[in-house]
Amino acid sequence: MKIEEAALEPEHAAIRAPARVAFRDGAVSTVGAPAPGRIVKLMVEAGEKVEANAPLVVIASPEASEYAMDLARARIEVDAANDAVKRQEDMATKGVGREVERIAAKHRLAEAKAALTHAQKTVNMLGPNSGGMVTVTAPIEGTILRRLTTVGAQVEPGGDPLFEIGNPEALWVVAEVFQDDLLLVREGAKVTLEFAARPGAVTGHVVGIGVLVDTGLRRAPVYVAIDEAISGLTPGAYARASILAPAEQGVTLPKTAVLIKDGTHSVVYVEEAPGKFSQRDVVLGHTFGEHVQVISGIKPGERIAVAGALLIDGEAQQLL
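These numbers come from a predicted model, not from an experiment.

Participant: Mind showing me how you'd approach the packing of aromatic side chains here?
Facilitator: Remark: the centre distance and the inter-plane angle together describe each pair of aromatic rings, the angle taken between the planes. In this structure the tally under the stated criterion is 1 aromatic pair. Lying over the aromatic face of phenylalanine 178, arginine 219 brings its terminal NZ or CZ to 3.8 Å of the ring centre.

As structure tokens, this is what we get:
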């Protein structure tokens, strides 16, 4: 038999869950084609690190030339409309102009400016371009996770993406916690992380709790920030998380200390004197791995039979 004192031990009140390394929100960017055309040059490979605004690919796009021509025409229209307004205002000053023509000239100028703004935005969305050649650049600093196109491929806005870029410095760990355990998790809670491909454990803390539960697994994501930068972590790597969720009342005991009597109530055996035990009914709380919370029936410091209790009570039906 094994006897231990009952205590509220925080290290035993931990939720254990499988986890994986993942990119933080906003740390992955999908790059698409800003204009229809054909890929004529690829400038990066998968796994390559790039800076923000670094060139990725060149697209030959006849429509890009048309957009540039539209912008040039819009600028000419604005200049012409400006001249027309000035003439009308000069004529009005001299008393020979007509008010209706001056108002009409101002309306044409406003329309021309709106068209210019639209044309400028269209060209700006293309990024660097010249002579129908559009250079697509990286929206963020990071690593090319996937290159999804080839030279000669036809592309268009809204079509398949060209690249996926991720920032390897912006990682966190996503723990998959059972729905029943989720209510015990608090933001800021300390977390111990063990990685399959890395010896030793590292610490982190909860920075977010998911609200969507996987209906099949009955789990929800808990987002954990790693406290110190560590090298060698890659997205998708497996881990195991122990989230500290200390019980706020009662004591924690090994599950082997609790017996089920008559299939209806839980009991433990308290050592009153050396070799002498008394049965005590208990109310159980949450289960934490190999330990269980006892809400009432036991006081901290009482000595409990935590192993071999079935030797005392042969009528107990089962262990937890």
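Alright, that's what it looks like, and here's the rest.
Participant: What exactly am I supposed to notice about the sheet that holds strand S14 (residues 198–209) here?
Facilitator: Strand pairs in the sheet, formed through backbone hydrogen bonds, run parallel or antiparallel to each other. Pairing within the closed barrel is antiparallel, and its 6 strands lie in the order S2-S12-S15-S14-S13-S16. Mean inter-strand twist for the sheet, computed between neighbouring axes without regard to direction, equals 40°. Relative to strand S16 (residues 238–244), strand S2 (residues 14–23) runs antiparallel, the two being bridged by 7 bridges. In the sheet register, alanine 19 faces S16, and the bridge partner there is alanine 239.

Participant: Please clarify how the sheet that holds strand S3 (residues 28–31) should be interpreted in this entry.
Facilitator: With antiparallel pairing, 4 strands are arranged side by side in an open sheet as S3-S11-S9-S5. With partners counted over all chains shown, the strands left at the sheet margins are S3 and strand S5 (49–50), one partner each. When S3 meets strand S11 (residues 163–166), the two strands line up antiparallel, connected through 4 bridges. Bridge pairing links serine 29 to isoleucine 165 in S11.

Participant: So what exactly am I meant to see when it comes to a nonpolar patch on the surface here?
Facilitator: Taken together, Met1, Leu311 and Ile312 make up a surface patch of nonpolar side chains, about 320 Å² in accessible area. Secondary-structure assignment places methionine 1 in the segment before strand S1 (2–5). Assessed through its relative accessible area of 53%, methionine 1 is described here as exposed.

Participant: Before we go on, may I ask you to explain the pattern of salt bridges in this structure?
Facilitator: Side chains carrying opposite charge are able to pair once their charged atoms draw close together. Across all of its chains, the model carries 10 salt bridges by this definition. We note a salt bridge from glutamate 271 to arginine 303, for which the minimum N-O separation is 2.7 Å. Taken together, the positions of glutamate 271 in strand S19 (residues 265–273) and arginine 303 in strand S22 (residues 303–307) put the pair 32 residues apart, joining distant regions of the chain. Glutamate 271 sits in the buried class, given a relative accessible area of 18%. A salt bridge links glutamate 272 to arginine 280; the nearest nitrogen and oxygen atoms lie 3.9 Å apart. Connected through salt bridges with shared partners, the residues Glu272, Arg280 and Glu302 form a single ionic network.

Participant: Help me out: how do you make sense of the nonpolar core in this one?
Facilitator: Most often, soluble globular proteins keep nonpolar side chains buried together rather than apart. In this structure, Ala175, Val177, Leu193, Phe195, Val222 and Ile243 are the most contacted members of the largest nonpolar core, which totals 28 residues. Sorting the residues of this core by element identifies S2, strand S12 (171–178), strand S13 (190–195), S14, strand S15 (219–226) and S16 as the ones contributing at least two each. The leading source of residues in this core is S2, at 5 residues. Leaving out residues up to four positions away in the same chain, valine 222 has contacts with Val173, Val174, Ala175, Val177, Leu182, Val185, Val206, Gly208, Ile209 and Ile243. The next biggest cluster of nonpolar side chains, apart from the first, holds 16 residues, and it includes Ile39, Ala54, Phe163 and Ile165.

Participant: Got a minute to help me understand unusual backbone geometry in this structure?
Facilitator: Apart from glycine, the bulk of residues carry a negative phi angle, and the bulk of peptide bonds sit in the trans form. Despite not being glycine, asparagine 53 shows a phi value in the positive range, around 75°. Within the fold, asparagine 53 resides in the loop between S5 and strand S6 (55–60). We classify asparagine 53 as exposed; its relative accessible area is 58%.

Participant: Looking at this model, I keep getting lost on helix H1 (residues 62–94). Mind explaining?
Facilitator: One turn of the α-helix equals 3.6 residues, which is why residues spaced by three or four share an orientation. Under the 1.5 Å per step criterion, the end-to-end length of H1 is 49 Å for 33 residues, consistent within 8% with the ideal 48 Å. All buried positions along H1 are accounted for by Ala64, Leu71, Ala74, Val78, Ala81, Ala84, Val85 and Gln88. Residue glycine 95 follows H1 closely and has a positive phi angle near 80°.

Participant: What exactly am I supposed to notice about the environment of proline 34 here?
Facilitator: Locating proline 34 in the fold gives a position in the loop between S3 and strand S4 (37–42). Residue classification places proline 34 among the partly exposed positions, given a relative accessible area of 27%. As for proline 34 and leucine 148, which are separated by 114 residues in sequence, their C-alpha atoms are 15 Å apart. Look past the residues within four positions of proline 34 in its chain and what remains in contact with it is Ile59, Met125, Leu126, Val134, Val136 and Pro157.

Conventions adopted
For every chain, the first residue of the written sequence is number 1, and numbering continues from 1 along that sequence. Since the coordinates come from a predicted model, pLDDT governs what is reported: local features require at least 70, and pairs of side-chain atoms require 80 or more to be given and counted, while whole-chain, interface and lining totals use all residues. Computation of side-chain values: all heavy atoms of the structure, hydrogens and water removed. Two rings belonging to Phe, Tyr or Trp (six-membered ring only in the last case) form a pair when the distance between their centres is within 6.5 Å. Interplanar angles under 30 degrees mark stacking, angles over 60 mark edge-to-face geometry, and anything in between is tilted. Charge-over-ring contacts are defined here by two conditions on Lys NZ or Arg CZ: a distance within 6 Å of the ring centre and an angle within 35 degrees of the ring normal. By the convention used here, strands pair only if DSSP detects at least 2 bridges between them. By definition, any uninterrupted DSSP run of H or I lasting at least four residues is a helix, any uninterrupted run of E lasting at least two residues is a strand, and each is numbered from the N terminus. Axis definition: a line fit to C-alpha positions, over the contact stretch in the case of helices; interaxial angles, taken between N-to-C directions, run 0 to 180 degrees. Exposure above 30% relative accessible area and the lack of any salt bridge qualify a residue for a patch; like charges then connect within 9 Å, and the nonpolar side chains Val, Leu, Ile, Met, Phe, Trp and Tyr within 5 Å. Accessible areas in this description were obtained via Shrake-Rupley with a 1.4 Å probe; residue shielding takes into account the shown protein chains only. Put simply, a salt bridge is a Lys or Arg side-chain nitrogen that is within 4 Å of an Asp or Glu carboxyl oxygen. The buried label applies to any residue whose accessible area, calculated with a 1.4 Å probe on protein chains only, is under 20% of its type's maximum; exposed applies above 50%, and partly exposed to all values in between. In these notes, a set of buried Ala, Val, Leu, Ile, Met, Phe, Trp, Tyr and Cys residues joined through side-chain atoms within 4.5 Å is what counts as a nonpolar core. Any two residues whose heavy atoms approach within 4.5 Å are treated as being in contact. To estimate the expected span of a helix, subtract one from its residue number and multiply by 1.5 Å.

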